[in-house]
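Descriptive structure summary
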Amino acid sequence: MPNALELTAVSKRYGQSRALDGVDLTAVEGQTIAVLGPNGAGKSTLLSIALGLLPPTSGTAAVFGHPPAEALRRGLVGVLLQESGLLEDVRVDELVKATAGMYAKPLPVEHTMRAARVDDLARQRIGRLSGGQRQRVRFALALVGDPRLLVLDEPTVGLDVDGRRALWQEVSARTAQGHTAVFATHYLTEADDYADRVILLARGRVVADGPVEKIKELVGDSEIHVTLDRPEADALGALPGVRQVRVEGGGAVLRTKDSDATLRALFAGFADARNVRTAGTDLESAFVSLTGGE
Ligand code: ADP
């Protein structure tokens, strides 16, 4: 069985600038992959190459063993791109139905419209919809062909909380059935909550690739929150393991690479230390650390 997506040594240059630099990526079926990275890291370029919308300067891309454009033609891929244009003068239900007609085995239109939460907009013209409503229509169009691979670029931009939840519910239902989803997002919590694998891009390269927990472990630091009468950054910064101190409120937050050693010394040296709480690294801290603070 060919992989859902396979990028091999993919590079993309625009003149002198390198948008992607030797990216390898293999997505097996059933995975939900988040592509993360600062602005300009190459996320959109990577998704565009995976969809066959942009040729790589070097390297190869394959989707279910086909050239990406061929996979798209065969209806294997559903796509939601940022700000892609929609026909303005047609009704939502007409657009979803017409799109369904382009696929060999589409999902039932009614079902798709309910899943994407556009059933209540069925008779509205696209031109009259809000940004969030349009985004839901784009999602319906991505789903209706019942694709084995969903490629979503910032899918929840403009959606309210309910719309976001509905979208991820549907994506999760599909991946639970063995379908694959690759999405780019700015919302790290979405990667944390919904992706079983994160690919972190910086300056066109993959700087980390693995389950969210593994990405957090790569950084390894944890945080100690402590209340103190007179928190002094210098004294706290000298404790074993501490990399960084933030004095805030009536206490401090210590970032440490060895929380056991830090805690022992903290209690030994600071009689007024209380309300101590430790937490593992969150994805945001890992992101900042691995992408060089961009
Ligand atoms: P991201 O989606 O992570 O923000 P992009 O893939 O859009 O990153 O861009 C990666 C790099 O390629 C950036 O430095 C961007 O300026 C550059 N780039 C993207 N598209 C073009 C283009 N059409 N012409 C020139 N440079 C581009």
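Rules used throughout
- Residues numbered from 1 in each chain as written.
- Predicted model: local features only at pLDDT ≥ 70, side-chain atom pairs only at ≥ 80, totals over all residues.
- Heavy atoms only, no water.
- Helix = DSSP H or I, 4+ residues; strand = E, 2+ residues; numbered from the N terminus.
- Buried < 20%, exposed > 50% of the residue type's maximum accessible area, 1.4 Å probe, protein only.
- Contact = heavy atoms within 4.5 Å.
- Areas by Shrake-Rupley, 256 points an atom, 1.4 Å probe, with all protein chains shown as cover.
- Lys, Arg positive; Asp, Glu negative; His and termini not counted.
- Charge placed at Lys NZ, Arg CZ, Asp CG, Glu CD.
- Near = heavy atom within 4 Å.
- Polar contact = N/O pair within 3.5 Å; in protein donor to acceptor, adjacent residues only side chain to side chain.
- Arc of directions from axis to C-beta.
- 1 Å grid on protein atoms, 1.4 Å probe; cavity = no way out; pocket = protein on both sides within 12 Å on 5 of 7 lines; lining within 4 Å.
- Points joined across faces, edges and corners; volume = space filled by probe spheres on them.
- Nonpolar A, V, L, I, M, F, W, Y, C, P; charged D, E, K, R; others polar.
- Core = buried A, V, L, I, M, F, W, Y, C linked by side-chain atoms within 4.5 Å.
- Domains from an automatic or database assignment.
- Pairing = 2+ DSSP bridges.
- Axes fitted to C-alpha atoms, helices over the stretch in contact; angles between N-to-C directions.
- Buried area = accessible area lost by both parts, 1.4 Å probe.

1. Looking at the overall build of the chain
A count of helical and extended segments in the chain gives 11 helices and 13 strands. Seen through its principal axes, the chain has C-alpha atoms that stretch 70 × 45 × 35 Å. Burial statistics for the chain: of 294 residues in total, 49% are counted as buried. For the chain, contacts bridging at least 24 residues in sequence account for 67% of all contacts bridging at least 6. Carbon and sulfur atoms form 48% of the exposed surface of the chain, whose accessible area is close to 14100 Å². Looking at charge distribution, the chain has the averaged site of its 34 positive side-chain charges lying 5 Å from that of its 38 negative ones.

2. Quick look at the site of the ligand
Close to the ligand lie Tyr14, Ala19, Pro38, Asn39, Gly40, Ala41, Gly42, Lys43, Ser44 and Thr45, which account for all nearby residues. Between the ligand and the protein, one listed contact pairs an oxygen atom with a backbone N or O atom of Gly42 at 2.9 Å. Between the ligand and the protein, one listed contact pairs an oxygen atom with a backbone N or O atom of Lys43 at 2.9 Å. Protein chains shield 55% of the accessible area of the ligand, which is 560 Å² for the free molecule.

3. Brief notes about helix H3 (residues 92-100)
Every buried residue belonging to H3 is among Val92, Asp93, Leu95, Val96, Thr99 and Ala100, and all of these are buried. Down the axis of H3, the sector holding all buried residues measures 165 degrees, keeping them to one side. Summarising the contacts, the buried residues of H3 are in contact with helix H4 (109-115) and helix H5 (131-143).

4. Regarding empty space enclosed by the protein
Space left empty within the atom packing is revealed by a probe, the size of a water molecule, rolled over the atoms. In total, this model carries one cavity of 30 Å³ or more according to the counting rule given. As for the largest cavity, its lining consists of Ala115, Ala116, Arg117, Arg136, Phe139, Leu159, Gly163, Ala166 and Leu167. Sorting the residues of the lining of the largest cavity by element identifies H5 and helix H6 (161-176) as the ones contributing at least two each. Among the elements that make up the lining of the largest cavity, the one with the highest residue count is H6 (three residues). Residues of the lining of the largest cavity, tallied by class, amount to six nonpolar, one polar and two charged.

5. Some details on the nonpolar core
Grouped together as the largest cluster of nonpolar side chains are 43 residues, with contacts concentrated most on Leu36, Val92, Val118, Val137, Phe139, Val171 and Val198. Split by domain, this core shows at least three residues from each of two domains, domain 1 (5-210) and domain 2 (218-290). The contacts of Val137, once residues within four sequence positions are left out, are Leu86, Val92, Leu95, Val118, Ile126 and Leu129. Residues Ala41, Leu46, Phe64 and Val182 belong to the second largest nonpolar core, which totals 28 residues.

6. What to know about the side chain of Thr32
Relative to the helices and strands, Thr32 resides in strand E3 (residues 32-36). Residue Thr32 is classed as buried on the basis of its relative accessible area of 4%. Apart from the residues lying within four places of it in its own chain, the contact partners of Thr32 are Thr175, Ala181, Phe183, Tyr194, Ala195, Asp196 and Arg197.

7. Here's the deal with the sheet that holds strand E10 (residues 222-227)
Across the sheet, four strands lie side by side as E11-E12-E10-E13; this open sheet has antiparallel pairing. The open sheet terminates on both sides in strands that have one partner only, identified here as strand E11 (242-248) and strand E13 (274-280). Between one strand axis and the next, the sheet turns by 15 degrees as a mean value, whatever way the strands run. As paired strands, E10 and E13 are joined by five bridges and run antiparallel to one another. Residue pairing across strands places His225 opposite Arg277, the latter belonging to E13. Along the sheet, helix H10 (residues 259-269) contacts E10, E11, strand E12 (251-256) and E13; its crossing angle with E10, the most-contacted strand, is approximately 15 degrees.

8. Observations regarding the domain arrangement of the chain
If you check the domain split of the chain, you get domain 1 (5-210) and domain 2 (218-290). The distance between the C-alpha centroids of domain 1 and domain 2 comes to 39 Å. Note on domain 1 versus domain 2: buried area summed over both sides is about 600 Å², and carbon and sulfur give 86% of it. Where domain 1 meets domain 2, there are zero residue pairs in polar contact (both at pLDDT 80 or more). Elements represented by at least two residues in the side of domain 1 that touches domain 2 include exactly helix H7 (188-194) and strand E9 (205-210). When residues of the side of domain 1 that touches domain 2 are assigned to their parent elements, the largest contribution, three residues, is made by H7.

9. Thoughts on the sheet that holds strand E4 (residues 58-63)
Taken together, the three strands give an open sheet; going across it, the order is E2-E1-E4, and neighbouring strands pair in antiparallel fashion. Strand pairing shows two members of the sheet lacking a second neighbour, strand E2 (17-27) and E4, which therefore form its edges. Put simply, the sheet's adjacent strands are angled 20 degrees from each other on average, direction ignored.

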